[in-house]
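What the coordinates show
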Amino acid sequence: ATRRDERTGRDDSARQRAHAPTTRVHFGCSRFTFATAAMATSALDAFDGAQLRALLSNAMSHDANVRSTAEVGLKRAGKSPKIIPMLLACGASDGDEGVRHLAYVVLKRRASAAFAKLSPNDKASTQSALLDAVMKESRLNTRNAIVDVIAKIARLTVPLGQWKELLEFMGQCASSPEPAHRELAFGMFASLTETIVGALSHHFGALGQLFAQGLVDESTNVRMRALKAVGALVSNSTGEPEQVAIMKSLVPHIIEAAKTALQAGDEDGAGIVFEVLDELTESQTSALSGHVPAVVSFCIEVAVAEQLSTLARRRALDVVAFMARHKPKALTKSKLIEPLLVALCPLCGEPKEEELAGEDDVDADEEEELQVQTVASQLIDVLALKVPAKHILPTVISFASTNLNSSSERLRHAAVAVLGVVTEGCCEGVRAHAAQIIPNVVPRLADEHAAVRGAAAFTLGQFAEHLNLTIDAGCQDLHKQVLPALFFTLPNERVKSVQERMMYAMDAWLEDLQGEVEEYVKPLLDIVFLAIDSDAKPHVREMLLSALASATASCGRKVHEFFRDLLPRLTKCFNLTSDAELSVRARALEVLGMLISSDREHTFIDAQTNDFAVRVALSGFELDFAELREYAHGLFGEVSEAMGEGFEQYLDVCVGKAIESIELDDGIMFDSEDEADRDELDSDDDYDGDGGQKTSGYSIRSGVMDEKASACKALNCYASHCPRAFAKYIPKVSKLLVSMSDYMHEMVRVQAHLALGQTAIAALMIDPASSQSLAHESLSATIRCVLDDDDKEAVSASIESAALVLKVMKDHPTIDVNQHIVDLTAASLEILEGRAVCQMEDDYDSEAGDDDDDDDDDDDDEN
């Protein structure tokens with residue numbers, strides 16, 4: 001846990017942060033008498049004290065048996081309230097620092113249960129002894145352990161008004177001339193804020209003055225403790241105007257403390273500042289009103305400082321990224337977009353570090369996400385999506401045009417990459433310049449540096465994916481520059497990541513071309529055949545087959561000309577059984593499905609081929625690989641379209657497989673994040689004296705979403721293409737689809753709504769009299785989706801489904817759907833007026849109290 005906290009820059013006391021109080025600020029601790037010795041003498045004899053010291057010493061033994069015996073003895077001793085004065089005596093007087101530290105660690109564990117059993121006088125004496133001990137302790141670790149004990153007891157007493165001396169003590173220490181006392185005070189504020197927040201509500205002014213003084217203290221340690229205390233204050237503030245005003249006044253001091261820390265080479269101290277800024281941007285954004293330019297300027301100054309660690313630079317970018325996601329208007333109105341982009345664009349070409357400072361045990365994917373280059377690119381992407389294109393494109397295009405042919409590898413890389421990064425968010429503006437941009441990007445596919453080649457391939461792929469170039473007369477022939485260049489460079493590319501990006505670009509352009517793919521089918525198949533025949537690496541075969549699937553979807557007839565040569569290669573893929581190659585087998589299924597669906601005249605695909613396709617897809621279910629099952633359902637749907645009612649011979653097993661996939665467990669895992677569960681000496685799990693419960697953290701994971709969506713789509717195909725054969729399955733299938741229309745992931749909800757509507761249509765066509773309830777359920781699901789679903793794709797699919805059902809319903813006037821018509825009309829009106837839940841923008845950017853959010857007509861412009 002300690003190593004984790006050092007890496008993240010978070011102090012363990014962050015779990016206990018909140019407000020902090022002070023009223024009178026005069027120094028004088030003479031009233032805090034040390035009564036531990038008297039308590040120990042009256043409660044226990046010398047033998048008991050010596051025995052406890054021996055147990056504490058043995059608990060640190062290297063001998064596991066000795067250590068285990070000592071821990072059992074400590075647990076037994078801890079059942080008596082007498083343990084408190086004994087442990088206080090050990091902590092105050094033992095010459096062994098390890099014993100003293102462990103005494104307070106054990107005391108923290110036993111405090112909740114044992115303290116409640118003390119008499120009022122002994123409670124007061126214990127509180128006084130703890131304050132005296134924390135003042136006298138010179139060792140940091142032991143002093144922190146005492147603070148932990150104080151925090152534990154404060155939870156039991158301060159809310160009840162039973163430890164007023166604690167607040168006065170902290171105020172006195174904060175104003176002490178001794179740096180050690182001031183450091184102690186702010187450390188206690190950080191640890192106790194959550195506990196004493198109620199007692200501070202009337203003293204925020206005085207507290208703000210104390211913290212402001214701490215942030216400019218001459219002692220580095222005091223400044224850092226004050227920063228942690230401010231972080232605790234921010235995270236536990238109730239957001240009342242008076243509190244926001246105090247926090248707002250501290251922002252300049254926070255930034256100044258960060259600059260001082262960085263100038264001194266103290267990146268750990270600067271890391272604490274980023275923690276505070278994170279808290280401000282996430283939970284107390286109004287406190288940044290008027291300070292956004294200063295905060296952004298500081299963060300960018302850190303981000304571009306290459307002499308600083310990757311961790312510090314990345315965390316600075318994270319602060320700005322949160323503002324970009326949730327406060328884009330504040331950035332725009334402060335005229336920060338252009339300077340931000342000027343600083344960020346070059347970072348998109350920054351070399352990646354092999355070993356990231358401050359990060360341990362990260363895999364390749366995680367490491368990629370932690371690079372400054374990656375974080376900067378993601379931030380530009382967010383800006384492009386959140387800010388009108390007129391504020392983004394001029395700066396980006398200017399940077400790119402200046403550096404596309406630069407002698408610097410880094411600048412060429414950045415120039416090419418940034419064009420791809422902004423494509424999705426600024427698609428209209430980029431499309432307008434595509435005819436000028438693409439001819440300058442294509443030559444970079446042959447750049448001498450792999451990073452530049454990869455960036456060029458990525459950017460070209462983004463153009464095809466988001467610009468819809470085929471609808472623009474001036475861009476329709478750009479593929480004649482892009483695809484030949486990709487076919488020429490790909491066979492000779494040796495860098496895996498660049499290969500993948502080139503194949504992604506090829507896939508995207510082939511899919512976008514529709515009927516113009518014919519001239520590229522032969523060169524693509526030549527590469528595919530070579531890869532399969534030579535057993536190229538699985539990822540290469542997979543991506544090439546994906547590109548072939550796209551080409552087949554666009555121009556199946558041309559691919560059919562090579563069917564005799566292609567089928568043996570696909571069959572070779574169908575025989576793959578190793579885990580590393582199952583994704584190749586899945587893509588081969590996708591290609592075969594596309595070949596079947598595109599042969600509408602049944603010229604090349606006969607009944608024997610359809611039977612082969614179904615059987616080879618079914619055989620993949622034995623291999624327990626979700627992607628294989630996903631593409632199998634897709635192939636079943638294609639075959640059902642080709643065979644119509646003749647698919648009945650396969651329907652029973654295929655519907656059964658679809659139901660199995662839909663009913664699969666989502667792979668939910670519950671992971672406890674409570675470190676105390678595994679700490680033998682620092683937990684209260686043996687006691688319930690404080691009535692508290694441990695808090696568990698949970699993560700939910702589902703590895704079958706794509707499979708479920710594909711299964712729903714297959715059911716849609718069966719209902720559409722062989723409805724009479726499908727009729728007997730409708731009762732069970734419809735219930736499943738209704739439940740899937742409320743599934744947690746929108747991808748599944750989309751397919752469920754479409755399939756539910758088609759199932760209702762099939763039922764109405766076959767037996768209208770008994771299909772009324774299903775029609776009502778389908779229309780009700782649409783209304784429920786419009787009213788509650790926050791995903792636009794899901795709502796669109798549900799509306800499309802309802803429209804198809806209503807079109808059929810007019811042929812069945814005896815079924816009353818008048819109320820549905822009223823509800824659907826109202827729902828449609830909500831959508832047309834932009835009032836549907838899925839159309840609601842995040843209101844975080846217009847939070848009350850933020851004077852950066854005045855209306856601005858310019859910000860209403862669309863990208």
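Residues numbered from 1 in each chain as written. Predicted model: local features only at pLDDT ≥ 70, side-chain atom pairs only at ≥ 80, totals over all residues. Heavy atoms only, no water.

1. Details of the side chain of Ser640
Going by this rule: Here a strand is any run of E in DSSP of at least two residues, a helix any run of H or I of at least four, and the numbering for each starts at the N terminus. Note on contacts: a residue pair is in contact if any heavy atoms of the two residues lie within 4.5 Å.
One can find Ser640 in helix H32 (residues 626-643). Look past the residues within four positions of Ser640 in its chain and what remains in contact with it is Phe647, Cys717, Tyr718 and His721.

2. Here we look at the nonpolar core
We apply this condition: We call a set of buried residues a nonpolar core when its members are Ala, Val, Leu, Ile, Met, Phe, Trp, Tyr or Cys and they connect through side-chain atoms within 4.5 Å of each other. The classification of residues rests on relative accessible area computed with a 1.4 Å probe and restricted to protein chains. Under 20% of the type maximum is buried, over 50% is exposed, and intermediate values are partly exposed.
Within the largest apolar cluster, 260 residues are counted, with the highest numbers of intra-cluster contacts made by Leu383 and Tyr718. Looking at which element gives the most residues to this core, the answer is helix H6 (residues 97-115), with 10 residues. Among all residues touching Leu383, those that are not within four sequence positions of it are Ala324, Leu331, Ile337, Leu340, Leu341, Leu344 and Ile392. In terms of nonpolar packing, the next biggest core, distinct from the first, is built from nine residues, Val750, Ala794, Val795 and Ala836 among them.

3. Topic: the confidence of the model for the chain
Test applied: Confidence scores here are pLDDT values: one per residue, from the predictor, ranging 0 to 100.
In the predicted model, the chain carries a mean pLDDT of 81, and the fraction of residues at 70 or more is 83%. Contacts of residues 668-701 to residues separated by more than four positions or lying in other chains number 61 contacts, the stretch itself having pLDDT below 50.

4. Let's talk about helix H21 (residues 393-403)
Every buried residue belonging to H21 is among Leu393, Thr395, Val396, Phe399, Ala400 and Asn403, and all of these are buried. Structurally, H21 contributes buried residues whose contacts are with helix H18 (337-347), helix H22 (409-421) and helix H23 (427-441).

5. Regarding the packing of aromatic side chains
The cut-off we apply is this: Centres within 6.5 Å make a pair out of two Phe, Tyr or Trp rings, where for Trp the six-membered ring is used; the pair is then stacked when the planes are under 30 degrees apart, edge-to-face when over 60, and tilted otherwise.
For the coordinates displayed, the defined rule picks out nine aromatic pairs. Relative to Tyr718, the ring of Phe647 lies with its centre 5.6 Å away and its plane at 25°, an arrangement referred to as stacked. Linking Phe647 in the loop between H32 and helix H33 (648-662) with Tyr718 in helix H34 (residues 705-721), this pair joins segments that are 71 residues apart in sequence. Phe647 gets classed as buried once you look at its relative accessible area, which sits at 0%.

6. Overview of the pattern of salt bridges
The condition that has to hold: Salt bridge, as used here, is a side-chain nitrogen of Lys or Arg placed within 4 Å of a carboxyl oxygen of Asp or Glu.
Tallied over the entire structure, the rule returns 26 salt bridges. With its nearest N and O atoms 2.9 Å apart, the salt bridge here joins Asp526 to Lys522. Of the two residues, Asp526 and Lys522 are both situated in helix H27 (residues 518-533); the distance of four residues between them amounts to about one turn of the helix. Looking at Asp526, the relative accessible area reads 38%, which means it is partly exposed. The exposure class assigned to Lys522 is partly exposed, which follows from its relative accessible area of 40%. Across the pair Lys657 and Glu660 runs a salt bridge whose closest N-O atoms are separated by 4.0 Å. In this pair, Lys657 and Glu660 are both assigned in helix H33, three residues apart and thus about one turn of the helix distant.

7. Here's the deal with unusual backbone geometry
Phi at Lys335 takes a positive value of approximately 55°, unusual for a residue other than glycine. Among the structural elements, Lys335 can be located in the loop between helix H17 (328-333) and H18. Its identity as a non-glycine residue notwithstanding, Asn468 has a phi of 50°, on the positive side. On the secondary structure map, Asn468 appears in the loop between helix H24 (450-466) and helix H25 (479-489).

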